[in-house]
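Given next are the chains, with one letter for each unit.
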Amino acid sequence: MNKPKIAFITSEAVPFSKTGGLADVSGVLPGYIASAGHQVRVFLPLYRKTRQNFPGLRKLDVMAEVAIGTKSYNADLYYQRDDRSGVEFYFIANNLFFDREDLYVDPATGDDYTDNDDRFVFFCRSVLETLQLIDEPPDIIHANDWQAALTVSFLKTAYKYDPFFEGTKAIISIHNLAYQGLFPARTFAKLGLDGSLFKPGGPFEYWKKVNFLKSAICYADKITTVSPTYACEIQDSNDYGMGLEGVLRERADDLVGILNGVDYDVWSPKKDKLIPFRYHTVNLSGKKKNKLELLHQAHLPLRTDQPLIGMISRLDSQKGLDILADILEDMLKLDLQFVLLGTGSEEYHRLFEKAEREYADKLKAFLTFDNNLAHLIEAGADIFLMPSRYEPCGLNQMYSLKYGTVPIVRKTGGLADTVTDFNEETGDGDGFVF
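Residues numbered from 1 in each chain as written. Predicted model: local features only at pLDDT ≥ 70, side-chain atom pairs only at ≥ 80, totals over all residues. Heavy atoms only, no water.

Q: Just checking my understanding: could you explain the overall build of the protein chain for this structure?
A: Helix and strand content of the protein chain: 15 helices and 18 strands. Taken over C-alpha atoms, the radius of gyration comes to 23 Å for the protein chain, in line with the 22 Å a tight globule of 434 residues would show. Principal-axis analysis of the C-alpha atoms gives the protein chain an extent of 70 × 45 × 45 Å. By the burial criterion, 52% of the 434 residues in the protein chain qualify as buried. (Helix = DSSP H or I, 4+ residues; strand = E, 2+ residues; numbered from the N terminus. Rg over C-alpha atoms; globule rule 2.2 N^0.38 Å. Buried < 20%, exposed > 50% of the residue type's maximum accessible area, 1.4 Å probe, protein only.)

Q: What is the right way to look at the packing of aromatic side chains in this model?
A: Centre distance and the angle of the planes are the two values used to describe a pair of aromatic rings. Within the structure shown, the criterion is met by 26 aromatic pairs. Relative to F120, the ring of F98 lies with its centre 6.5 Å away and its plane at 55°, an arrangement referred to as tilted. Of this pair, F98 sits in helix 3 (residues 95–98) while F120 sits in helix 4 (residues 116–134), and the two are 22 residues apart along the sequence. A relative accessible area of 0% places F98 in the buried class. Ring centres of W267 and Y403 lie 6.2 Å apart, and the angle between their planes is 70°; on these two criteria the pair is classed as edge-to-face. (Phe/Tyr/Trp six-rings, centres within 6.5 Å; stacked < 30°, edge-to-face > 60°.)

Q: Explain helix 5 (residues 145–156) to me, please; I cannot follow it from the model alone.
A: An α-helical turn contains 3.6 residues, so a residue and the one three or four places further along point in the same direction. Compared with an ideal rise of 1.5 Å per residue, which puts twelve residues at 16 Å, helix 5 spans 17 Å between its outermost C-alpha atoms and is within 8% of the ideal. Among the twelve residues that make up helix 5, eleven are buried, leaving the element largely enclosed by the rest of the structure. For helix 5, the set of buried residues is D145, W146, Q147, A148, A149, L150, T151, V152, S153, F154 and L155. (Expected span 1.5 Å × (residues − 1).)

Q: Sorry if this is basic, but what is going on with the sheet that holds strand 9 (residues 205–206) here?
A: Sheets are built from strands paired through backbone hydrogen bonds, the pairs being either parallel or antiparallel. Pairing is antiparallel in the open sheet, where three strands are placed in the order 8-10-9. This sheet does not close on itself; its edge strands, each paired only once, are strand 8 (182–183) and strand 9. (Pairing = 2+ DSSP bridges.)

Q: Hey, could you run me through the packing of helix 10 (residues 285–297) against helix 13 (residues 371–380) in this one?
A: For any two helices packed against each other, one specifies the inter-axial angle together with the distance between the axes. Two elements in contact, helix 10 and helix 13, have axes separated by 8 Å at closest approach and are oriented at 130°. As summarised for this structure, helix 10 and helix 13 are arranged oblique, according to the angle between their axes. Taken as a pair, helix 10 and helix 13 cross one another with a handedness that is left-handed. In contact with K287, N290, K291, E293, L294 and Q297 of helix 10, helix 13 contributes L373, L376, I377, E378, A379 and G380. (Axes fitted to C-alpha atoms, helices over the stretch in contact; angles between N-to-C directions. Parallel < 35°, antiparallel > 145°, perpendicular 65-115°, else oblique. Left-handed = near helix turned anticlockwise from the far one by under 90°. Contact = heavy atoms within 4.5 Å.)

Q: What exactly am I supposed to notice about the nonpolar core here?
A: Soluble, globular proteins show a tendency: their nonpolar side chains are buried together. If you look at the biggest cluster of nonpolar residues, it comprises 67 residues, and the most contacted ones within it are F122, F154, L177, F204 and I217. In terms of residue count, helix 4 provides more of this core than any other element does, eight residues in total. Beyond its immediate sequence surroundings of up to four residues, I217 is in contact with I172, I174, L177, I223, L244, V247, L248 and R251. By size, the runner-up hydrophobic cluster in this structure holds 19 residues, among which are L315, M331, F338 and I383. (Core = buried A, V, L, I, M, F, W, Y, C linked by side-chain atoms within 4.5 Å.)

Q: Quick question: what am I supposed to make of the sheet that holds strand 18 (residues 432–433) here?
A: Taken together, six strands build an open sheet; the order of strands is 15-14-13-16-17-18 and the sheet is parallel. Edge positions in the open sheet fall to strand 15 (363–366) and strand 18, since each of these has one partner strand only. Pairing geometry for strand 17 (residues 406–409) and strand 18, over two bridges, is parallel. Each residue of the ladder has a partner; that of I408, found in strand 18, is F432. Together, strand 14 (337–341) and strand 15 form the strand contacts of helix 12 (residues 346–358), whose direction differs from that of strand 15 by roughly 145°. Its contacts with the sheet put helix 13 on strand 13 (308–312), strand 14, strand 15 and strand 16 (383–386), and the angle it makes with strand 13 is roughly 145°.

Q: In this structure, what is going on with a nonpolar patch on the surface? I would like to understand it.
A: On the surface, V406, F422 and F432 cluster together into a nonpolar patch covering about 240 Å² of accessible area. Classification of F422 by relative accessible area gives partly exposed; the value is 35%. (Patch = residues over 30% accessible without salt bridge, like charges linked within 9 Å, V, L, I, M, F, W, Y side chains within 5 Å. Areas by Shrake-Rupley, 256 points an atom, 1.4 Å probe, with all protein chains shown as cover. Salt bridge = Lys/Arg side-chain N within 4 Å of Asp/Glu carboxyl O.)

Q: What should I look at first to understand the pairing of strand 3 (residues 58–68) in this one?
A: A regular strand places its side chains so that they alternate between the two faces of the sheet. Bridge count for strand 3 against strand 4 (residues 71–81) is eight bridges, and the pairing is antiparallel. Each residue of the ladder has a partner; that of A64, found in strand 4, is A75. In textbook terms, the turn of a hairpin is the stretch between consecutive antiparallel strands, and for strand 3 and strand 4 this stretch comprises two residues, one of which, G69, has a positive phi near 65°.

The structure is reproduced here in structure tokens:
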């Protein structure tokens with residue numbers, strides 16, 4: 001019996017490229033799908049940093065020609081196989097679109113690249129063209145978020161009658177509905193599709209703009225998102241549905257929330273290679289040593305009798321930073337210490353820089369990203385704080401549970417699905433939910 005063939009389409013995946021949780025999922029999930037007996041091929045853009053960090057990628061003798069509006073561009077193809085999992089990685093290459101410093105944002109301006117529509121129209125078209133050049137058709141195209149959404153939409157429109165894809169089904173996975181791929185109306189002409197698809201209320205139209213993710217939601221055979229609660233929330237209100245709640249309700253029978261998982265070969269205090277002291281449930285002495293090391297790196301007094309709160313987050317209101325800002329001063333008057341790791345909005349950078357000056361013995365804010373330090377915070381903190389306004393799934397609360405670091409979370413999305421509020425009377429529960 002032939003293995004079912006899965007084409008997994010994503011704009012980032014660990015270890016090749018990363019801006020957030022999508023990369024973590026995309027780097028690990030395909031391997032688990034392969035272990036279930038499927039043939040999995042992952043398609044990614046070949047970014048500058050990927051090319052630099054993985055010089056051993058093999059260039060294949062395959063090139064697709066892709067149209068964007070009236071212009072044509074060539075897509076080269078690079079390849080690497082993960083011998084451990086059997087997953088094959090294919091990289092769509094075109095220096096005009098992907099040879100840049102960042103994945104989506106222009107570092108010079110701090111704004112999205114102005115041609116992100118062209119870049120990901122090109123990527124999605126290239127995937128569908130390349131698939132026809134390298135192998136038999138996939139049974140399933142599994143696209144992730146707006147950057148890959150057009151693979152679903154093109155499959156069901158421009159390639160609808162292509163015999164190669166006759167038996168191919170399509171899934172769109174939503175990792176964060178706040179990011180939809182919204183572009184001006186003129187972008188629609190670049191798709192090469194019938195104009196009737198952009199009429200008001202049509203699959204591509206959203207308040208006179210082009211919405212890549214909406215089109216995939218309309219066309220996909222199945223829609224998944226990353227937690228059961230989030231799957232309900234995004235249908236219930238604009239607060240979570242971000243304007244697409246009505247479209248999602250229409251597809252309710254095909255929408256399912258599947259909780260994200262964790263790679264415990266990487267995120268486990270028993271195996272973690274990035275923390276100075278490993279530990280496990282039988283002997284937690286290593287956790288105490290990691291706390292001392294974390295306090296040392298944060299240049300905070302070694303107050304082992306006080307709780308140490310950790311937080312790793314994008315500094316953004318979505319992550320509940322506005323909630324934290326309202327109570328930060330009162331919190332820092334308590335007998336505790338607080339270590340923060342993250343970057344984001346300038347207003348929150350200023351907030352924590354000011355608080356750090358005023359409470360130098362209690363707060364250290366690392367306004368950067370540091371993967372080693374992220375592991376040490378999970379291992380060394382007593383408490384982990386996640387006050388997110390919305391959280392499709394969240395991974396850090398699950399890391400915290402594994403590391404014996406008590407999570408405090410807001411009751412939303414995957415946080416509500418993974419943390420059980422502590423009951424003082426029965427002793428049940430594994431964190432605090434508000």
